[in-house]
Amino acid sequence: MKTRSFLMTTLCSLMLGMSFTNCAEDIEDQFGPMPEEEVKQRFGYVLNEGLWGANNANISGFVYNVNSNEINALGDLYKKENLVQMGDVANGMVEEDNKIYVVLNSSKYVGKLDLHCKEEARYTIPTSEGEPRCIDVEDDFLYVTHYGGQVSKINVKDMTLA
């Protein structure tokens, strides 16, 4: 029984650890090298789904200081940058080429954000495509799955169907 509990704990820890996105290199690429005293910090995003019907999905940020072992929460980055709520039921987020792409199920859109979470463009999902669920990116295209099995291919450059 103890072995099973240990294996389950280890598996959950690995899954949690893999769910964080380390964007320190991306931020350095965009803003130049970090000062020496900041090299020991790591930045990450957390996509918060929110409650269905509450229009409260968001992206939180955090900074982990390796030297002091402290985590500082940065709150709702999307709302700080755009001055509005992100939408209803965020289901997925990917980062590629210094851009963040999010899919919102009940709000029926895919958003393109910069690394500060400022929205640059969006693709609104037509009712005929159904509600979006998951998102992935490869070769300048977003692949968005929908309930019912449909997959949309969206060009990341202009956020239009390919």
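Here the structure is a predicted model, which means the values were calculated and not measured.

Draft legend 1. The nonpolar core, seen in detail. In this structure, Tyr 45 and Met 86 are the most contacted members of the largest nonpolar core, which totals 16 residues. Broken down by secondary-structure element, the contributors of at least two residues to this core are strand 2 (41-48), strand 3 (58-65), helix 3 (77-82), strand 6 (99-104) and strand 7 (109-113). Other than its neighbours up to four places away in sequence, Met 86 contacts Leu 47, Ala 57, Asn 58, Ile 59, Tyr 78, Val 102, Leu 104 and Tyr 109. Residues Ile 125, Val 144, Ile 154 and Met 159 belong to the second largest nonpolar core, which totals 13 residues.

Draft legend 2. Representation of unusual backbone geometry in the model. In this structure, Leu 83 is a non-glycine residue whose phi angle is positive, near 60 degrees. Tracing the backbone shows Leu 83 in the loop between helix 3 and strand 5 (90-96). Since its relative accessible area comes to 71%, Leu 83 is described here as exposed. Positive phi is not limited to glycine here, since Met 159 has a value of about 55 degrees. Relative to the assigned elements, Met 159 resides in the loop between strand 11 (151-155) and strand 12 (160-161). Met 159 gets classed as buried once you look at its relative accessible area, which sits at 3%.

Draft legend 3. Layout of the pairing of strand 3. By the criterion of burial, strand 3 is predominantly enclosed, with six of the eight residues buried. In terms of strand pairing, strand 2 meets strand 3 through eight bridges, oriented antiparallel. Bridged to Gly 44 within strand 3 is Phe 62. Pairing of strand 3 with strand 4 (residues 70-76) involves six bridges; the strand directions are antiparallel. Residue pairing in the sheet places Phe 62 in a bridge with Ala 73 of strand 4. Turn length for the strand 3-strand 4 hairpin, with the two strands adjacent in sequence and antiparallel, is four residues, and the turn residue Asn 69 shows positive phi of about 60 degrees.

Draft legend 4. Representation of the packing of aromatic side chains within the structure. Inspection of every chain in the model, using the stated rule, returns one aromatic pair. In this structure, Lys 153 is placed above the aromatic ring of Phe 141, and the distance from its NZ or CZ to the ring centre is 4.3 Å.

Quick notes on the rules
Residues numbered from 1 in each chain as written. Predicted model: local features only at pLDDT ≥ 70, side-chain atom pairs only at ≥ 80, totals over all residues. Heavy atoms only, no water. Core = buried A, V, L, I, M, F, W, Y, C linked by side-chain atoms within 4.5 Å. Buried < 20%, exposed > 50% of the residue type's maximum accessible area, 1.4 Å probe, protein only. Helix = DSSP H or I, 4+ residues; strand = E, 2+ residues; numbered from the N terminus. Contact = heavy atoms within 4.5 Å. Pairing = 2+ DSSP bridges. Phe/Tyr/Trp six-rings, centres within 6.5 Å; stacked < 30°, edge-to-face > 60°. Lys NZ or Arg CZ within 6 Å of the ring centre and 35° of its normal.

Interpretation in functional terms is not warranted from these geometric data alone.
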